[in-house]
Each structure stands twice: as C-alpha cells, then as structure tokens.
Amino acid sequence: MSRKLPETLFSEAQIAQRVDEIAAQISSDYAGKGEIVLLGVLKGAFIFLADISRRLTIPRSIEFIAVSNYEHGSTPSGAVRLVMDVRESIQGRHVIVVEDIVDTGQTIHYLIDMLKSRGPASIRTCVLLHKEHKTEIDVDIDYLGFTIDDEWVVGYGLDFAEHDRTLPYIGVVKPDD
Ligand code: PRP
C-alpha cells in the first residue's frame, strides 16, 4: 500500500540555495587558515555534510562521530552516548561540527564539551535545522540553515523510525499520515 508523502517544508531548491550560502560563508571565514575538519554527526548529517563539503572552496577533511540520545524510539532519554568516535585526532585543528538538527540541544552541547577537551584550534557548529523553541540549553550555532517549529521533520538525512532519510526534500510528518 502506498502512503502519503510528507508535506514539503523546504524544497530541494530551497535547501540547495541555503547550502550554497552557508558553504560560501564558511569558505570565506576560513580562507587562508589551512585545512578544516568537517565533523558530521551520524546518522542524520550525512547528506547535509556531503553537500556542504562539496561546495567549499577551502581545504577540508571529513570525519564522522555517532552519538545516540533517543534510546527509546522518539522519546528523548536525556542521556547522550558516544557510539562511534572520530578516526583522526582533532588536536590543533579547526573543527566544524555538522548536525542535521538541534532539538533540545543536549546532543550538540555534549559534543562541543567533549570535543573542546581535545584541544582543537577552534570549534564551530553548522546546523541545518533548529527547533529554537524546544532548545533547553544554551547552544551556539555559527552556521544555521533554517529555524523551524516543533514538528517532526524527515528527509535530507532526517528520519522517522529510520523511514524517509533519503527523501530529497524536507517534509513534515503528521500524526495521521
Ligand atoms: C537527532 C539529530 C541530533 C539530535 C538532536 O539524532 O541528528 O543528533 O537528534 O536532538 P537534541 O538536540 O534533542 O539532542 P538521532 O538521535 O535521532 O539520531 P540520527 O541522527 O541517527 O537519526
């Protein structure tokens, strides 16, 4: 049985334009500073990171980290757990943490604290979506795609119970879909 496709919140074209703008800003901010490390947070950031990284005009290397904080389906447990660490050291390097979404802020807060203790030259954040009104902790987002309301969004890397991650646009899942 086919199901209804999620309603579009941001189209492919809107996402591509915003990704272009962010990549241009990062390229300009880090020009002449050597290689940066784009550190993607799995799984959600894999598509955003792939697109951002290919649009940069500065030297960059790619790392991934995996954490988990929604241990029981979609209910936040409050505990962030490191599931997979980076492969190369970030000490003395310029790091940009790339996330698909900041919701409560727990994940990015945990990550920034942990990564800062490893002595990077600098650390910034690049986030596609921010649920501003749900964020409970002070988080610094240096490069932001879009601010959104408290809706369940899917596509472009984001999932609902592992569904719809590869949808090319960002859509909203309604309870009766
Ligand atoms: C999502 C998202 C962020 C985190 C944001 O990850 O990718 O990492 O939740 O939520 P927070 O601000 O409330 O901490 P999720 O645990 O769903 O895993 P996934 O990226 O593998 O889908």
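Basis of the calculations
Along each chain, numbering runs from 1 in the same order as the chain's sequence is written. Local features in a predicted model are, by the rule used here, given only for residues with pLDDT of at least 70; side-chain atom pairs are given and counted only at 80 or more, and totals for whole chains, interfaces and linings are based on all residues. Computation of side-chain values covers all heavy atoms of the structure but excludes hydrogens and water. Working definition: a ring pair exists when centres of Phe, Tyr or Trp rings (six-membered ring for Trp) sit within 6.5 Å. Plane angles under 30 degrees give stacked, over 60 give edge-to-face, the rest tilted. Secondary structure follows DSSP: runs of H or I at least 4 residues long count as helices, runs of E at least 2 residues long count as strands, and numbering of each begins at the N terminus. Here the term buried applies to any residue with accessible area under 20% of the maximum for its type, exposed to any over 50%, and partly exposed to those in between, with areas from a 1.4 Å probe on protein chains only. The criterion for a charge sitting over a ring is simple: Lys NZ or Arg CZ within 6 Å of the ring centre, and within 35 degrees of the ring normal. One heavy atom suffices: a residue is near a molecule or strand as soon as one of its heavy atoms comes within 4 Å of it. Distance and chemistry together define a polar contact, namely a pair of N or O atoms within 3.5 Å, with one atom able to donate a hydrogen and the other to accept it when in protein, and with adjacent residues in sequence counting only for side-chain atoms on both sides. Only the protein chains shown count as cover for residues, and all accessible areas are computed by the Shrake-Rupley method using a 1.4 Å probe. Under the scheme applied, nonpolar residues are Ala, Val, Leu, Ile, Met, Phe, Trp, Tyr, Cys and Pro; charged residues are Asp, Glu, Lys and Arg; polar residues are all the others, including Gly. Only strands that DSSP links by at least two bridges are regarded as paired with each other. Whenever a helix is involved, its axis is fitted only over the stretch in contact; in every case the axis is a line through C-alpha atoms, and angles between N-to-C directions fall within 0 to 180 degrees. Every residue pair with non-hydrogen atoms within 4.5 Å of one another is taken to be in contact.

Caption draft 1: Broad picture of the packing of aromatic side chains. Counting across every chain of the model gives two aromatic pairs. Here F10 and F146 contribute two aromatic rings whose centre-to-centre distance is 3.8 Å and whose plane-to-plane angle is 15°, an arrangement assigned as stacked. With F10 in strand β1 (residues 7–10) and F146 in strand β7 (residues 143–147), this pair connects stretches of sequence that are 136 residues apart. Measuring from centroid to centroid gives 5.5 Å for W152 and F160, while their planes differ by 80°, and the two rings are edge-to-face. We classify W152 as partly exposed; its relative accessible area is 30%. A cation over a ring is seen here: K33 above Y30, with NZ or CZ 5.6 Å from the ring centre. Between K131 and the ring centre of W152, over which it is positioned, the NZ or CZ distance is 5.8 Å.

Caption draft 2: Seen up close, the site of the ligand. Taken together, 16 residues form the shell around the ligand, and within it E99, D100, T104, G105 and T107 come nearest. At 2.9 Å, a backbone N or O of K43 approaches an oxygen atom of the ligand. Here an oxygen atom of the ligand and a side-chain polar atom of R165 are 3.0 Å apart. In isolation the ligand offers 500 Å² of accessible surface; the protein chains occlude 87% of this area. Secondary-structure elements contributing two or more residues to the shell around the ligand are β5 (94–102) and α3 (106–116). Class assignment of the residues belonging to the shell around the ligand gives a composition of four nonpolar, six polar and six charged.

Caption draft 3: View of unusual backbone geometry. The residue after L42, namely K43, is reached through a cis peptide bond having omega -5°. Despite not being glycine, D164 has its phi angle at roughly 70°, a positive value. Examined against the element boundaries, D164 turns out to sit in the loop between β8 (152–154) and β9 (170–173).

Caption draft 4: Looking closely at the environment of N69. Note on placement: N69 falls in the loop between β3 (60–68) and β4 (81–84). The spacing of N69 and Q106 is 37 residues in sequence and 8.2 Å in space, taken between C-alpha atoms.

Caption draft 5: Structural view of the sheet that holds strand β2 (residues 36–42). The mixed open sheet is built from six strands, whose spatial order is β4-β3-β2-β5-β6-β7. Looking at which strands have only one partner, the edges of the open sheet turn out to be β4 and β7. Within this sheet the neighbouring strands show an average axis-to-axis angle of 30°, counted without direction. In this sheet, β7 lies alongside strand β6 (residues 122–130) in parallel orientation, the contact comprising four bridges. Bridged to L129 within β7 is F146. Across the face of the sheet, helix α1 (residues 12–29) comes into contact with β2, β5, β6 and β7 while running at roughly 160° to β7. Sitting on the sheet, helix α2 (residues 46–55) touches β2, β3, β5 and β6, and the angle it makes with β2 is about 160°.

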